[in-house]
Amino acid sequence: MRRLQRHSIRFRGYDYRQPGAYFVTVCTHRRECLFGSVSELGQVQLNDFGLIVEEEWLKSAEIRREIALDVYVVMPNHFHAVVLILGEEIDVTSVGATGRSPLPIGPVPKSLSALMAGFKAAATKRINVARNTPSMPVWQRNYYERIIRNERELHAIREYIENNPMNWALDRENPASHLRPHEI
């Protein structure tokens, strides 16, 4: 039986620890509307699980000195945010003579992937305790990221995130939307 090989969706050769602005999107497992709803007025109504996601996101900046949080939104079945990696000196004592960590398993410390892994794990743990479903997936396996390259792009992404609830009826992530992805 042939195993499916997964490929990284990250920008090859890019150091996701370096200072910069990043746009991230994370979807729920099977795009289940787990975090609440959006009113007819385009306002997100978070349920207890959505509030957990928001709390864990805000905690991220408290426990990770190398980041700052910008605009974000918790939607019924996904999460968008802009995160700033401020940069911090990397602990060279944990890096071997080859320039690689002696234990190359898991996300690189102080990187975007470490942030996202920690955030997703913390939210998953709390949600699963609240709904009494140990080991149940909350998130899709990966996340989408985009390196924000300039102020114009940052402004457009901020606007997109802020307007996301008002556009929920047309959002391709909305299971009630009648639009197909190719129509958007």
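Residues numbered from 1 in each chain as written. Predicted model: local features only at pLDDT ≥ 70, side-chain atom pairs only at ≥ 80, totals over all residues. Heavy atoms only, no water.

**Things to note about helix 1 (residues 48-63)**
For step 1, the next point in the chain: For helix 1, built from 16 residues, the straight-helix expectation of 22 Å at 1.5 Å per residue is met to within 8% by its first-to-last C-alpha distance of 22 Å.
For step 2, the next point in the chain: With a side-chain oxygen positioned 2.9 Å from the backbone nitrogen of Phe-49, the residue opening helix 1 is Asn-47. (Helix = DSSP H or I, 4+ residues; strand = E, 2+ residues; numbered from the N terminus. Expected span 1.5 Å × (residues − 1). Polar contact = N/O pair within 3.5 Å; in protein donor to acceptor, adjacent residues only side chain to side chain.)

**Brief notes about the packing of helix 1 against helix 2 (residues 112-130)**
For step 1, the next point in the chain: Close contact between helix 1 and helix 2 brings their axes to 9 Å; oriented N to C, the two are set at 145°. As for the relative orientation of helix 1 and helix 2, their crossing is right-handed in sense. In this structure, helix 1 uses Phe-49, Ile-52, Val-53, Glu-55, Glu-56, Trp-57, Lys-59 and Ser-60 to contact helix 2, whose residues at the interface are Leu-115, Met-116, Phe-119, Ala-122, Ala-123, Arg-126, Ile-127 and Ala-130.
For step 2, the next point in the chain: For the contact of helix 1 with helix 2, a count of residues per class yields 11 nonpolar, one polar and four charged. (Axes fitted to C-alpha atoms, helices over the stretch in contact; angles between N-to-C directions. Left-handed = near helix turned anticlockwise from the far one by under 90°. Contact = heavy atoms within 4.5 Å. Nonpolar A, V, L, I, M, F, W, Y, C, P; charged D, E, K, R; others polar.)

**Examining the nonpolar core**
One broad rule of soluble globular proteins: the nonpolar side chains tend to lie buried together.
For step 1, the next point in the chain: Core analysis: the largest hydrophobic core is formed by 26 residues, its most contacted members being Phe-35, Val-53, Trp-57, Phe-79, Leu-112, Met-116 and Trp-139.
For step 2, the next point in the chain: Leaving out residues up to four positions away in the same chain, Met-116 has contacts with Val-24, Val-26, Trp-57 and Tyr-143. (Core = buried A, V, L, I, M, F, W, Y, C linked by side-chain atoms within 4.5 Å. Buried < 20%, exposed > 50% of the residue type's maximum accessible area, 1.4 Å probe, protein only.)

**Remarks on the environment of Trp-168**
For step 1, the next point in the chain: One can find Trp-168 in the segment after helix 3 (151-163).
For step 2, the next point in the chain: Distance in space between the C-alpha atoms of Trp-168 and Glu-40 is 9.3 Å, their sequence separation being 128 residues.
For step 3, the next point in the chain: With sequence-adjacent residues up to four places away left out, Trp-168 is seen in contact with Cys-33, Val-38, Met-75, Pro-76, Asn-77, His-78, Glu-173, Asn-174 and Pro-175.

**Focus on the pattern of salt bridges**
Opposite charge on two side chains permits pairing when their charged atoms draw close.
For step 1, the next point in the chain: Within this structure, the stated rule accounts for six salt bridges.
For step 2, the next point in the chain: In this structure, the salt-bridge partner of Glu-173 is Arg-31, at a minimum N-O distance of 2.4 Å. Taken as a pair, Glu-173 in the segment after helix 3 and Arg-31 in the loop between strand 1 (20-27) and strand 2 (36-38) lie far apart in primary sequence, 142 residues in all.
For step 3, the next point in the chain: Relative accessible area serves as the criterion here: at 13%, Glu-173 is assigned to the buried category. (Salt bridge = Lys/Arg side-chain N within 4 Å of Asp/Glu carboxyl O.)

**With respect to the sheet that holds strand 6 (residues 144-148)**
For step 1, the next point in the chain: An order of 4-5-1-6 is seen for the four strands of this open sheet, with the pairing classed as antiparallel. Only two strands of the sheet have a single partner each, and these edge strands are strand 4 (67-74) and strand 6. Averaged over neighbouring strand pairs, the angle between their axes works out to 15° when direction is ignored.
For step 2, the next point in the chain: The sheet contact formed by strand 4 and strand 5 (residues 78-85) spans six bridges and is antiparallel. If you follow Val-73 over to strand 5, its bridge partner there is His-80.
For step 3, the next point in the chain: Contacts between helix 1 and the sheet are confined to strand 1, strand 4 and strand 5, with strand 4 contributing the most and set at about 165° to the helix. (Pairing = 2+ DSSP bridges.)

**Quick look at the environment of Gly-42**
For step 1, the next point in the chain: Following the sequence through the fold, Gly-42 ends up in the loop between strand 2 and strand 3 (44-46).
For step 2, the next point in the chain: Given the relative accessible area of 13%, Gly-42 is considered buried.
For step 3, the next point in the chain: Sequence spacing of Gly-42 and Asn-163 is 121 residues, and the spatial spacing of their C-alpha atoms is 8.6 Å.
For step 4, the next point in the chain: In this structure Gly-42 touches Pro-165 and Met-166, once residues within four positions along its chain are discounted.

**As for the side chain of Thr-28**
For step 1, the next point in the chain: Structurally, Thr-28 can be placed in the loop between strand 1 and strand 2.
For step 2, the next point in the chain: Residue classification places Thr-28 among the buried positions, given a relative accessible area of 1%.

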